[in-house]
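Read off the chains here:
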Amino acid sequence: MASGARAPVQEDSVRTISPGRGGEKGLAAPTGASVAVGALKSAASPVRSVVASPRPVKGKADREAARRRLQLLPASQAEGRGEGAEDEDEEEEEPLLTVLEEDEEEAQPLPPVCVSPMRGMWRDEKVALYCDEVLQGCKAEDADEAMSKYLSEKLKLKDKWLGVWKTNPELFFVKYEEASIPFVGILVEVTCKPRQSSSSCFKVTVSVAEPFSSNIANIPRDLVNEILEELEHSVPLLEVYPVEGRDSDIRDIALALEVVRFFYDFLWRDWDDEESCENYTALIEERINLWCDIQDGTIPGPIAQRFKKTLEKYKNKRVELTEYQSNIKEDPSAAEAVECWKKYYEIVMLCGLLKLWEDLRLRVHGPFFPRILRRRKGKRDFGKTITHIVAKVMTTDMVKDFSSDTLLQQHDDLDLALDSCYSGDTVVIFPGEYQAVNLALLTDDIIIKGVGKREEIMITSEPSHDSFVVSKADNVKLMDLSLIQQGTVDGIVVVESGHMTLENCILKCEGTGVCVLTGAALTITDSEITGAQGAGVELYPGSIAILERNEIHHCNNLRTSDNSKSTLGGVNMKVLPAPKLKMTNNHIYNNNGYGVSILQPTEQFFIVAEEALNKGAASGDKKDDSMLSRVMQNLNLEMNNNKIEANLKGDIRIVTS
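The name given to the chain in an unreviewed UniProt entry is Testicular spindle-associated protein SHCBP1L, with Ailuropoda melanoleuca as the source organism. As stated in UniProt under Subunit (unreviewed entry), the record for the chain gives "Interacts with HSPA2; this interaction may promote the recruitment of HSPA2 to the spindle."

Structure, rendered in structure tokens:
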């Protein structure tokens, strides 16, 4: 789908590794052939000569004449070639493009192209542009038509304009150094014709503009003309970048081209029109959010690179499968059929992995799982436990409350203290700001507690890492601390297995909140959880949690147009098997979803309870106490004296996934 819309040269490669270019900005120049020369000379990008073998152009009588104008291999390279030299690779005999004859015109530098306004757009502006203006609520199978319609309307603004055609060097050369020629750029005059079909607007008629300009100084003009004639002067529109100027119509066309390029490069997936999606624009919004999270660093750089490589690998595998199938001339043999299935299943697996990224809740527990591979140390051989003091400077006042037989060890680094721990040890942290990668590797039964006000013991996450606090210890306890999440996309606290206790802690989230995975247990008392993009506390099937005297507020800050995604709020339970939850004296307020949401996997599960709840609490604001108690009993949900108020969707709700 939309294969004609995908330019072979990616925008990023064109803009970041163009030889000799100092960025996109340049002097503003009026467009049009009459002022082209002045514009090119005043705001030109430098060019350089390259060594390359031109590609033979099929069906051209004067091809040999053009090739004779190219310098042949130096004689020194031809010496020593024996009788078998004729049998060597023909590429070695290709003439090299090095210098031009005296009467040959050298290409002028390329003018600057329009700077994309999309670079300065906010997240909400991008969402409004794609979801409201371009796609307008269309389905995935209609996305091509919507893009084509949007682009054709913009092209009506001006029927002729100057642009830089940036294409793959393989179109011109068969032998070249990739580092020296990231793309071939030619200044062309673009002629726009009325759209004939849904895909025709992705092709455009071009001719070489004056003065002859390229990023390759010694490329022969005849070679360019021959290539264009072979292409019938029709090139992919998305390979053409309008030249910078004062004409607002040209800027509008440049923006439209950038919108379509970005859609096919990042937002479109090949499986979109193969799967049913009730709200396609909501899916596009999630992908825009993912892209913005990568750009602004919300998703750490190494993880972002992992995603980009996965996406690129998926695209390459699709191409490999298509090419392999096209090379099968007749009915496939058994070996060919097996190879096709093998390639297909590779694509399916990559497709599934990419889908994990597109849902924040799945992204958190998808590509990064399992997190902890470290083995438990257990107890020390001599059976003693140590109290680790974490402070920049240790004084006698710090240790006066410890008993005389306490074994103490002082550290100025929290990471070193955690690395020195064995089961049974205690880490005592004095006021200050700390970071510790080892908090994501808790395997032994230890206590980590602050001394003084919890607001003064600040532990921040390392933005370049996936996780913040992750435990698989049998019994680990955190007390009197402030956990401040910065950059990590994982849950602020993840309990993989065993039991974790959080007592009198502040959890300031940037990614997801506290996650209790299947089979794990969590106790939170007298703590505050705020700022999570998903639920403040998320319970996976078969997990156990006790929440007492906590404040959970201002969670589910991830904006989305898909209402089903905005139901998360204070506490979210995933059932089958049902988790166990006991809530007493908690205050859950000002969350963007429900105070407590129960995510059921099918329409049939708890159908009676759901119907009852719908009658009494369709908006989540009213509840039938008797029916709700039956639901809570089935879910092992015990709630006493909790204050649940001012949540955007309501208080308690069963949500169908």
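Attention now moves to the overall build of the chain. Scanning the chain from N- to C-terminus turns up 16 helices and 32 strands. With 657 residues in all, the chain has 51% of them scored as buried. Considering only contacts in the chain between residues 6 or more positions apart, those separated by 24 or more positions represent 69%. For the chain, the exposed surface amounts to about 30800 Å²; the carbon and sulfur share of it is 49%.

This part covers the pairing of strand 13 (residues 457-460). Both strand 11 (residues 432-434) and strand 13 contribute to a ladder of three bridges, which runs parallel. Bridge pairing links Gly432 to Ile457 in strand 13. As defined by bridge partners, strand 13 adjoins strand 16 (residues 482-484) across three bridges and the pair is classed as parallel. When the sheet's bridge partners are listed, Ile459 is paired in strand 16 with Leu483.

The strand order across the open sheet built from 10 strands is 9-8-10-12-15-18-21-24-27-30, with neighbouring strands paired in parallel fashion. Only two strands of the sheet have a single partner each, and these edge strands are strand 9 (408-411) and strand 30 (637-640). Each strand of the sheet is rotated relative to its neighbour by a mean of 10°, with strand direction disregarded. Taken together, the four bridges between strand 27 (residues 580-584) and strand 30 define a ladder with parallel strand orientation. When the bridges of strand 30 are listed, Met583 appears paired with Met639.

The full count for this structure, using the stated rule, is 12 aromatic pairs. With centroids separated by 5.7 Å and ring planes inclined at 85°, the aromatic side chains of Trp341 and Tyr344 adopt a geometry described as edge-to-face. Highlighted residues: Trp341 and Tyr344, both in helix 11 (residues 334-357), separated by three residues, approximately one helical turn. Considering the side-chain rings of Trp341 and Tyr345, the 5.7 Å spacing of their centres and the 25° angle between planes classify their relative orientation as stacked. With Trp341 and Tyr345 both in helix 11 and four residues apart, the pair spans about one turn of that helix. Three or more aromatic residues joined by ring pairs make a cluster, and in this case those are Tyr130, Phe262, Phe266, Trp291 and Phe307. A cation over an aromatic ring shows up here: Arg261 above the ring of Tyr241, its NZ or CZ 3.8 Å from the ring centre. One cation-aromatic arrangement involves Lys343 over Tyr324; the distance from NZ or CZ to the ring centre is 5.6 Å.

Parameters at a glance
Residues numbered from 1 in each chain as written. Predicted model: local features only at pLDDT ≥ 70, side-chain atom pairs only at ≥ 80, totals over all residues. Heavy atoms only, no water. UniProt positions renumbered as here; feature names shortened; annotations may be inferred. Helix = DSSP H or I, 4+ residues; strand = E, 2+ residues; numbered from the N terminus. Buried < 20%, exposed > 50% of the residue type's maximum accessible area, 1.4 Å probe, protein only. Contact = heavy atoms within 4.5 Å. Areas by Shrake-Rupley, 256 points an atom, 1.4 Å probe, with all protein chains shown as cover. Pairing = 2+ DSSP bridges. Axes fitted to C-alpha atoms, helices over the stretch in contact; angles between N-to-C directions. Phe/Tyr/Trp six-rings, centres within 6.5 Å; stacked < 30°, edge-to-face > 60°. Lys NZ or Arg CZ within 6 Å of the ring centre and 35° of its normal.

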